[in-house]
Each structure stands twice: as C-alpha cells, then as structure tokens.
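Structural characterization, general
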Amino acid sequence: MNKFFRHFKTVTRHRHAVIKNCFKAGIPLQGLMHDMSKYSFDEFINGVKFYQGTRSPHEAEREAYGFSYAWLHHKGKNKHHFEYWVDYNYVTKKLTPVKMPLKYVKEMFCDRVAASKIYMKNNYHDGSALEYFLRAKATRFINQETSDLLESLLIMLKEKGEKETFKYIRNLKNY
C-alpha cells in the first residue's frame, strides 16, 4: 500500500479514535468535526510526503525544512491545540498563552489519548499520554491553568483508567 493510502488510513483511524473518546467525554459534535483540516490539500499532501507510520509527519517535515507548514496550518484551524491559544498581549507587548475554553481542553485530552494509542499500538498503556506530555513540559508555551488541568486529567487516566476519567470529564463544568 503506498504512502497516500497509509497516511489516509492513519489519519482516519486517529480521527475515529478521537470521535470515540469525544463521545465518552460528552462532546460528540466536537468529535465529529475533529481534525477535518487534515484532509485539506495544505495538510494532506505534506502528510503523505513525510509519512512514516510511527510518528507524526510534522516531525519529519520539521527535520527537512526547520518547520512544518502542515502543522502551522493545522494548529491555526483547530482550537483543541494549545498552540492556537497564543495571542499578542497589548500591555506586555509579547505573545502570551491564553486559557483555553474547557470544551477544547476536553477535546485536546481525547486527541492526545487517541494519538498515543494510534502511534504506540501495542505498547500503549494508560500512562502513555502523560509520559508524552511530561517530556516537553518544561519547554511548552501554554497557559498554566490549561496545562495544570490537562496534566491532572492525564494523571487521573494513568491512576484510575479511562472509564473513571471520562466520567469525570463528562461532569466537568469549569476550571
């Protein structure tokens, strides 16, 4: 099977896993709309070109060009990425991470769990998404409240499993 179909299959499997998680989290409409931009020309072509199957094509594109055009497009179109929530602060005159609305934090959690399952396959465990999150924590440019909430949900997943964590997320009203 060529890279076009393998990439399409990976993106679609990931998207379906996120949809499933979003239904468990009580945000089904977000799940159904999740990552539709990955099928756009701007993202899909580079995804095929840099497809490997074991990690995001964005990583390979960054290695080749020093940045990922597809990622820049993706994060600008999808509010469940914390990178979307960075804005210019007119007081400090600097870019500043903005607190994400709860519904997008919930979707981000669903996305991270699904990505860990898709890329790690049989090596996945309930602590995998937390381990991934912690590896880059020191360099992540994210609002502290948003980061703390996501980390607490990933810790809960590791310690209490999916069923209890998704139940908690469904009932979470604010942070």
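So, how was this worked out
- Residues numbered from 1 in each chain as written.
- Predicted model: local features only at pLDDT ≥ 70, side-chain atom pairs only at ≥ 80, totals over all residues.
- Heavy atoms only, no water.
- Salt bridge = Lys/Arg side-chain N within 4 Å of Asp/Glu carboxyl O.
- Helix = DSSP H or I, 4+ residues; strand = E, 2+ residues; numbered from the N terminus.
- Buried < 20%, exposed > 50% of the residue type's maximum accessible area, 1.4 Å probe, protein only.
- Phe/Tyr/Trp six-rings, centres within 6.5 Å; stacked < 30°, edge-to-face > 60°.
- Lys NZ or Arg CZ within 6 Å of the ring centre and 35° of its normal.

**With respect to the pattern of salt bridges**
Applying the stated rule across the entire model yields eight salt bridges. Across the pair Lys 137 and Glu 151 runs a salt bridge whose closest N-O atoms are separated by 2.6 Å. On the criterion of sequence distance, the pair formed by Lys 137 in the loop between α7 (128–135) and α8 (144–171) and Glu 151 in helix α8 is long-range, its members being 14 residues apart. Across the salt bridge formed by Glu 164 and Lys 160, the nearest N and O atoms sit 3.7 Å from each other. With Glu 164 and Lys 160 both in helix α8 and four residues apart, this pair spans about one turn of that helix. What makes Glu 164 partly exposed here is its relative accessible area of 41%.

**Things to note about the packing of aromatic side chains**
Under the criterion given, the structure shown has eight aromatic pairs. When the centroid spacing of 5.1 Å and the interplanar angle of 75° are considered together, the rings of Phe 4 and Phe 44 count as edge-to-face. One end of the pair, Phe 4, is in helix α1 (residues 3–25); the other, Phe 44, is in helix α3 (residues 41–49), with 40 residues separating them in the sequence. For Phe 44, a relative accessible area of 7% corresponds to the buried category. Each ring, one from Phe 8 and one from Phe 44, has its centre 6.5 Å from the other, and the planes form 70°; the classification is edge-to-face. Separated by 36 residues along the polypeptide, Phe 8 in helix α1 and Phe 44 in helix α3 bring together distant segments of the chain. The class of Phe 8 is partly exposed, set by a relative accessible area of 37%. Put simply, the rings of Phe 4, Phe 5, Phe 8, Tyr 39 and Phe 44 pair up and form one aromatic cluster. One residue, Lys 99, lies across the ring of Tyr 175, its end atom 4.4 Å from the ring centre. The ring of Phe 133 is capped by Arg 140, whose NZ or CZ atom sits 4.1 Å from the centre of that ring.

**Structural notes on unusual backbone geometry**
Despite not being glycine, Asp 35 shows a phi value in the positive range, around 55°. Following the sequence through the fold, Asp 35 ends up in the loop between α2 (28–33) and α3. Taking the relative accessible area as the measure of exposure, Asp 35 reaches 2% and is therefore buried.

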